[in-house]
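Fold and contact review
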Amino acid sequence: MKKYFYFIAALTLFLPALSSCDDGNEVSQDTETVVDSDSGISSTDSIQGFYLLNEGQSGQNNASLDYYNYATGTYSLNKFGTVNANASIGDTGNDIEIYGNKLYVVVNGSNMVQVLDATTCKQIKKISIPNCRDITFYKGKAYVSSYAGTLNWNNSNNRLGYVARVDTAELSVSDTCNVGYQPEQMAIYGGKLYVANSGGFMPTYDNRVSVINLSTFKKEKDIKVNVNLNKMLISKENELFVSTNGDYYYNTSKLYVINPATDALTDSINVSVAGMSKSGDSIYVYGAEYSYLTSKTTISYHIVNTETHKVVSDQIITDGTSIASPYMIKVNSINKDIFISDSGSTYGSPGILYCFNSKGKLKWQVTTGVGPGHMVFTKFKL
Amino acid sequence: MRKFVVFLCTTFMCMHLFAQVQSKVKVDTTHTYSIANITVRGRYLSKELIPVQTLQGEELEKLAAHSVADAIRYFSGLQIKDYGGVGGLKTVNIRGMGSEHVGVFYDGIELGNAQNGTVDLGRFSLDNMESVTVFNGQKAEIFQSAKDFGSAGTVYMQTRTPSFSHDKSYNVKATYKAGSFGLVNPSALWEQRITKNISSSLNTEYLYTNGKYKFTYALSDIKDTTATRHNDDVKAMRIEYGLFGKIKGGEWRLKNYFYSSERGFPGAVVLEEPGKFTHDADRQWDTSYFLQGSYKKKVNEWYNLMVNGKYAYDYLRYLSDPRLDETVALYVNNHFHQKEIYLSTAQQFTLSPILAADVSVDLQRNLLKADLNNFVDPKRWTVLSAAAASLNLQRVKVQSSLLLTYVHESVNQYGTAAHDKKKFTPTIIISWQPKENGDLSFRTFYKRTFRMPTLNDLYYTSIGNSSLKPEEATQYDAGLTYGHTIYDHWINRIEMQLDGYYNRVKNKIVAMPTSNQFRWSMMNFGKVSIKGIDVGVSTGWQISKDLQIGTRITYTYEKAQDLSLSKDSKYYGGQLPYIPWNSGSVILDGAYRNWDWSYSYIYTGNRYTNSANIAANKENPYKTSDMSISHEFIWKKTNFKLTAEVNNLFNQQYEVVRCYPMPGRNMKIILNIRL
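Residues numbered from 1 in each chain as written. Chains lettered and ligands numbered in written order. Predicted model: local features only at pLDDT ≥ 70, side-chain atom pairs only at ≥ 80, totals over all residues. Heavy atoms only, no water.

Overview of the overall build of chain A
Within chain A one finds two helices and 29 strands. Expected size for 382 residues packed as a compact globule is a radius of gyration near 21 Å; at 23 Å, chain A falls within 12% of this value. The dimensions of chain A, computed from C-alpha atoms along their principal axes, are 95 × 55 × 50 Å. By residue count, 60% of the 382 residues in chain A fall in the buried class. (Helix = DSSP H or I, 4+ residues; strand = E, 2+ residues; numbered from the N terminus. Rg over C-alpha atoms; globule rule 2.2 N^0.38 Å. Buried < 20%, exposed > 50% of the residue type's maximum accessible area, 1.4 Å probe, protein only.)

Structure, rendered in C-alpha cells:
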C-alpha cells in the first residue's frame, strides 16, 4: 500500500517538470531578410525603397509596417515596431501614402491616421478620424475618406460616409464633407475630388462616385456608375478609372472610365478588379472574385491599356507561379517590377510578397505580416 | 449477495467524495461518537471506466467561483475561452476538439443551441447547483438517452434535489452576494415537501454588475495605461421551479426554467486615442425558457425504463446602435427565435447478472426564425437511436454502444436545404482491475462522434454554406485510476487518474474570408490531431479531530496540431489557437470547526492566437489565484453563513483571448441564511 502512495506522490512532483518540455516549435521569422533582387535601381533613382502595410486581423491589434531597402536588398519585417519601441501600429491598417517627407498610415480599426517621419519611420502624431479608410493629397492638404459621417437615423438608420480635410502642417482635421455610403478610394483631378462609394453595409449597396469641389469643399454631384465601387486612379491620359467589386451574384466586377472634364461615364471594361496599379499607359489588374452562385473565388490577371481602353493581356505571371489569395498588386515605375502579395490560404497567418520582373517571371519572394494589402514607394533610404 | 456487497464497496471507493471517515479506534460503547457528515448524493460515477471529473456539494460551494464556467477551470483537459468580466462569453473546449463537440446537460437533458452550437457556461450560476461533472467520451452508463452517446465530451450540471431532515417539511435559503464592479446578486430557494413522495423547489436569482473593471495595457508611448472596461454590464434574472416525485422503483421530476438577461458587448481593446470614442453601441438580450421532465422506473428485475421530454424556447436580440458610437456605421437590430421539442426513451434490459443491454431512441425538432434579410427559416428533425451493452465481469468491464443519427432539414423559398445526414458512430470502453476490488484500475476507450454544422454555419444569410459536411472526431484514450483509503493516518484518502489520449478531427468547419474581410463564408477546411495527457490527483487529510484538509491537483499536457495546410507549409502542424501545451490547477481547501476555506490556483502556459505559431502571435502564460473563507454560526435559531471571496488575489493583468483583458483583483461578500 505504502509503495503505491509514494509512487503517486513522486509522480505528482515530477509532473510539473514536464511543463518545460515541448512548447512546440515556434516558426522563427527573421526580422531582416536579404533578397538577391537584381533590382536595376541606382542610388540616384526616385525610388529607393518601399513600405508595405500589413492589415492584420480585425480586433487583434496586429497591423504592421515592413520596409524594403533597394540599395542593400534588405526586407525588414515590422520596421515600425523596431523603430518605435515595439509599439503596435494599431488594428486593421487600410491605406498608406507618402506626402512630402511624411508617411501617412490609415489605421481603420484604431480610428486614426498615424503620421510618421518617412525618413526614419518614427511616429510623429496620431490623428483620430473615426472609421477612416483611405487617404489622398492635394496642395498641402490630406483628404481621408471615412465611414463615420452623419447618421441618417429616420431613413436607413445608417451613417453616410464623409471625406475629412487635414492640414499636413498642423496635422489636424479642419473640415469634413458628407458623401455616399461607405466611401473607399479617392482620386483628385482638376480641382475636384472623386470618391468611390461602396455602400458595403447597405442591402443594395451604393452605386455613386461623389464629386467634391476642392475650392468650396462641398459635394457638387454624384455620378451613377454601378454598385459596390472600390478602387480608383487617374490614368496617364487624365481619365478617371473606377472599379466595382460586383454584388457577388450576377453583377460582376468591372472597370469603368469617367471623363473628368465632363464627369460623364464614358466606357466600361470587362475585367474583374480586386486591385489595380498604374504603370505608364497600362493598368495591371488582379481579380479575386467570389460568387455566391458557385461558392468559389475566381482568380484572374489582366493588363489594360488606358489609351485604347482595351485588355492587352489576360496574364501577368508568366512562369506558372501560383498565388493562393492575391491581396495587392503594385508596379515599380522605374524598373517595371510587378509586386503581387498573397494573404495565404488561412486567415490570420503571415502573407508572402512576390516580386516579378516586367516580363512576369518571379525574381524573389519574402514572408510579410498578416494581410499584406498596401504598398507605397519611397525615395527615402532607412 | 456477497458479490453485490463487494460491488457496492468498489463503487464507494471509486466515488469522488470527501467522506470524512473517523479513524479506527477502540469502540467505547458508553460514549457517543459522532461521525462527520457523509454526503452520499449524486449518481454513481463509474470513475474507473471513463475519465470523469466532478466538483460537488461542499467543495463546489467553498470554491470562489460564481458560474459553472469558473468552476470547470479546475478540470484537466479543458480550455475555457473567456472574453472577460461576468458578462463575457465563456465556452468550453474539451481536449482540443472544439466547443461545438461538447454536449452540455442540465439535470440530465441536453441544453440545445442548434443556432450556434455552443452554450455560454458563464450564464449558469452555481447558486442551485449540486454538482458539475465533465466526462471525456461519454458517461460510462448504458442506461441513458441516445443524446448522451453523441458528444465527444460532456458537461453535466445537476441541480439540487430537495432533501429534508426527518422533522422538517421545508427548507428556505436566502442568499445575498455583493462585490466589486457594483455586483448585486440576491437569490432565494424554497424547497417544500408536499406529500410523502412529492416535493417542490422554487429558486430565483437576480444578478446585476456594472462590469466597469480596471485593466492595464501597454501603449508604446504611454507605459502601462490603465483604462476601465465600458459597456460590459449585465442584468439577469433566473426563476426555476421544479416538482420531484418518488414512485415505487423509480422517480420523476418536472422542471420549469426561465432566464432573461441584458448585457453590453464591449468589443476588443485595440490601439485608439484614449477616451476619444465611446463604444456603447453593441448590446444583447437573451431569454431562455424550458420545461423538461424525466421519468425513471425499475419495472421489474430485468427491465428499466426512462422517458425524458423537453420544450425549449430561446430568444436573442442583438443590437448595434450607431447613435451610441461614432465609429459604428451600420445599424443592426436582429431578433432570433428558436424552438425545440425533444422526446427520449431509454430501456435497459438486464439479461444476466453480468450482461445488460440498452436501447434508446431520441426525437428532436428544431426551428429557427430570424429577421435577417432573406432568412431561410430552417427547420430540422433529428432522430438518434442507440443500442448499448455492458458486460460486467469481476475484474473486467466492457461497455459498447452504437449510435445512429439521422438529420433532415427544410427551409423556405430563399435557400436550399442541406442534404439529409445519416451516420453511425460506435464507442467501446474497457476497464480492467489487476486485483479484484483493488485500488488500481486500467481503462481504455475508442469513440467516434460527429457534430452537425449549426444552423448558423448552414443558413446564416450571406455567410452560411448549406453544403457543409459535419465535423468528425475520433478519440482514443488509455489510462489508469488509483484510489486508496488509509485508516489510522493523517492522510486518509488519495485518488489519482492519469490518461493519455489521441484525438483526430476532420472536416473542421472554419469561417474563411472570401475576397475581402467583409465577406466571409463557412467551409470544411480543417484537420486536427491532438495528443495529450491529463492527470488529476486528490487527497484528503484529517489533521486533527477538528481540522480537515483536501487537495486537488490537475495537470494537462496537450499538443493540438493544425494539419489543414499542405505539408510543405511552414505553418503545418502549428498548435491550435488558444490551446496551451501546459496547464494545471491546484485547489487546497479545508474545514476547521465552523470555518471553511479554499485557495485555488490556475496556471495556463504559452499559447498562440493562430496556428501560425510565430512570435507575433504568442500569448503570455498567466497564473491566477482565488481564495475564499467562510464562517457558519447560529443566531436566534437561524443558520447564518458569511463568506468572503477574493478573485485574482495577486491582481494579475492577463487576457485569455487576445485584446479581451480580464479583471484584476476583485472581491465578493456572501451572506446565506437558512431556515
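With respect to the side chain of Q138 of chain B
Residues and elements named next belong to chain B. Tracing the backbone through its elements, the reader meets Q138 in the loop between β6 (129-136) and β7 (153-159). According to the relative accessible area criterion, Q138 is buried, its value standing at 2%. Only 2.5 Å separates the side chain of Q138 from the side chain of K447, close enough to count as a polar contact. Not counting the four nearest positions on each side in its chain, Q138 is found in contact with I50, D148, F149, S401, T427, I429 and K447. (Polar contact = N/O pair within 3.5 Å; in protein donor to acceptor, adjacent residues only side chain to side chain. Contact = heavy atoms within 4.5 Å.)

Quick word on unusual backbone geometry
Notably, N651 of chain B is not glycine yet its phi reads approximately 50 degrees, a positive angle. Relative to the assigned elements, N651 of chain B resides in the loop between β33 (638-647) and β34 (655-657).

Quick notes on empty space enclosed by the protein
Residue and element names in this part refer to chain B. Going through the model one piece at a time under the given rule, you end up with eight cavities of 30 Å³ or more. Only β4 (102-106), β18 (355-370), β19 (379-392), β20 (396-410) and β22 (440-451) provide two or more residues apiece to the lining of the largest cavity. By residue class, the composition of the lining of the largest cavity is twelve nonpolar, 15 polar and five charged. (1 Å grid on protein atoms, 1.4 Å probe; cavity = no way out; pocket = protein on both sides within 12 Å on 5 of 7 lines; lining within 4 Å. Points joined across faces, edges and corners; volume = space filled by probe spheres on them. Nonpolar A, V, L, I, M, F, W, Y, C, P; charged D, E, K, R; others polar.)

Regarding the pattern of salt bridges
Residues and elements named next belong to chain B. Scanning the model with the defined rule gives 43 salt bridges over all chains in all. With its nearest N and O atoms 3.9 Å apart, the salt bridge here joins K139 to D148. This pair shows no difference in class: K139 is buried, exactly as D148 is. The residue E471 makes a salt bridge to R451 at a minimum N-O spacing of 3.0 Å. (Salt bridge = Lys/Arg side-chain N within 4 Å of Asp/Glu carboxyl O.)

Quick word on the interface of chain B and chain A
Every contact between the two is made by 65 residues of chain B and, on the other side, 66 residues of chain A. Surface buried jointly by chain B and chain A totals about 5,700 Å² across both partners, of which 58% is contributed by carbon and sulfur atoms. Inspection of the region where chain B meets chain A yields one salt bridge. Run the count over chain B and chain A and you get 16 residue pairs in polar contact (both at pLDDT 80 or more). At six residues, strand β24 (residues 491-513) of chain B tops the list of elements feeding residues into the side of chain B that touches chain A. Among the residues forming the side of chain B that touches chain A, the class breakdown is 34 nonpolar, 17 polar and 14 charged. (Buried area = accessible area lost by both parts, 1.4 Å probe.)

Here's the deal with the sheet that holds strand β6 (residues 102-107) of chain A
All names here are of chain A. Taken together, the four strands give an open sheet; going across it, the order is β5-β6-β7-β8, and neighbouring strands pair in antiparallel fashion. Looking at which strands have only one partner, the edges of the open sheet turn out to be β5 (93-99) and β8 (123-128). Here the strands of the sheet are splayed against their neighbours by 20 degrees on average, with no regard to which way each runs. Relative to strand β7 (residues 112-117), β6 is paired through six bridges, and the arrangement is antiparallel. Residue pairing for β7: L103 is matched across the bridge by L116. (Pairing = 2+ DSSP bridges. Axes fitted to C-alpha atoms, helices over the stretch in contact; angles between N-to-C directions.)

As for a nonpolar patch on the surface
Residues and elements named next belong to chain B. A cluster of nonpolar side chains, namely Y176, F633, W635, L642, M667, I669 and L671, defines an oily patch on the protein surface of about 630 Å² accessible area. Looking at the nonpolar patch, the elements that each hand over two or more residues are β32 (622-635) and β36 (666-674). Per-element accounting of the nonpolar patch gives the leading share, three residues, to β36. In this structure, W635 sits in strand β32. (Patch = residues over 30% accessible without salt bridge, like charges linked within 9 Å, V, L, I, M, F, W, Y side chains within 5 Å. Areas by Shrake-Rupley, 256 points an atom, 1.4 Å probe, with all protein chains shown as cover.)

Quick look at the confidence of the model for chain B
Residues and elements named next belong to chain B. Per-residue confidence for chain B gives a mean pLDDT of 88; residues scoring 70 or more make up 91%. Note on residues 1-27: pLDDT under 50 across the span, and 45 contacts to partners over four residues away in sequence or across chains. Across residues 36-44, where pLDDT falls below 50, the model places twelve contacts with residues more than four positions away in sequence or in other chains. For this predicted complex, the interface confidence comes out at an ipTM of 0.91, alongside a pTM of 0.89. (pLDDT = per-residue confidence, 0-100.)

Considerations on the sheet that holds strand β16 (residues 218-224) of chain A
Residues and elements named next belong to chain A. The strand order β13-β14-β15-β16 describes an open sheet built from four strands, whose pairing is antiparallel. The outermost strands of the open sheet, each flanked by one partner alone, are β13 (183-189) and β16. Neighbour to neighbour, the strand axes of the sheet diverge by 25 degrees on average, direction disregarded. With six bridges joining them, strand β15 (residues 208-213) and β16 adopt antiparallel strand pairing. Note on β16: the bridge partner recorded for S210 is D222.

Some thoughts on the environment of W190 of chain B
Residues and elements named next belong to chain B. Here W190 shows up in strand β9 (residues 183-193). Take W190: its relative accessible area is 42%, and that puts it in the partly exposed class. In sequence terms W190 and K173 are 17 residues apart; their C-alpha atoms lie 6.6 Å from each other. Not counting chain neighbours up to four residues away, the residues in contact with W190 comprise Y170, N171, V172, S200, S201 and L202. Looking at W190, its side chain comes within polar contact range of the side chain of Q192, at 3.1 Å.

Description of the confidence of the model for chain A
Here chain A averages 91 in pLDDT, while 93% of its residues score no lower than 70. Across residues 16-20 of chain A, where pLDDT falls below 50, the model places four contacts with residues more than four positions away in sequence or in other chains.

Looking at the pairing of strand β27 (residues 350-356) of chain A
Residues and elements named next belong to chain A. Buried residues dominate β27, accounting for six of its seven residues. Strand direction decides the pairing type here: strand β26 (residues 338-342) and β27, joined by five bridges, are antiparallel. Counterpart to F339 in the pairing with β27 is C355. Where β27 and strand β28 (residues 362-370) come together, six bridges link them in antiparallel fashion. Each residue of the ladder has a partner; that of C355, found in β28, is W364.

Observations regarding the nonpolar core
As a rule of thumb, soluble globular proteins bury nonpolar side chains together. Of all hydrophobic cores here, the largest spans 37 residues; its most connected members are V68, I72, L121, F124, V132 and M157 of chain B. Counting residues per element, this core draws most heavily on helix α3 (residues 68-72) of chain B, which supplies four residues. Contacts of F124 of chain B, omitting those with residues within four sequence positions, involve S67, V68, Y106, L111, V119, M157 and Y257 of chain B. L65, A118 and C121 of chain A together with L271 of chain B belong to the second largest nonpolar core, which has 20 residues in total. (Core = buried A, V, L, I, M, F, W, Y, C linked by side-chain atoms within 4.5 Å.)

A short note on the environment of N54 of chain A
All names here are of chain A. Within the secondary structure, N54 sits in strand β2 (residues 49-54). We classify N54 as buried; its relative accessible area is 0%. Taking C-alpha positions, N54 is 35 Å from E220, a pair spaced 166 residues apart along the chain. If near-sequence neighbours (up to four positions away) are discounted, N54 is found in contact with A63, S64, D66, T368, G369, V370, G371 and P372. Among the polar contacts made by the side chain of N54, one reaches the main-chain amide nitrogen of G369 at a distance of 3.2 Å.

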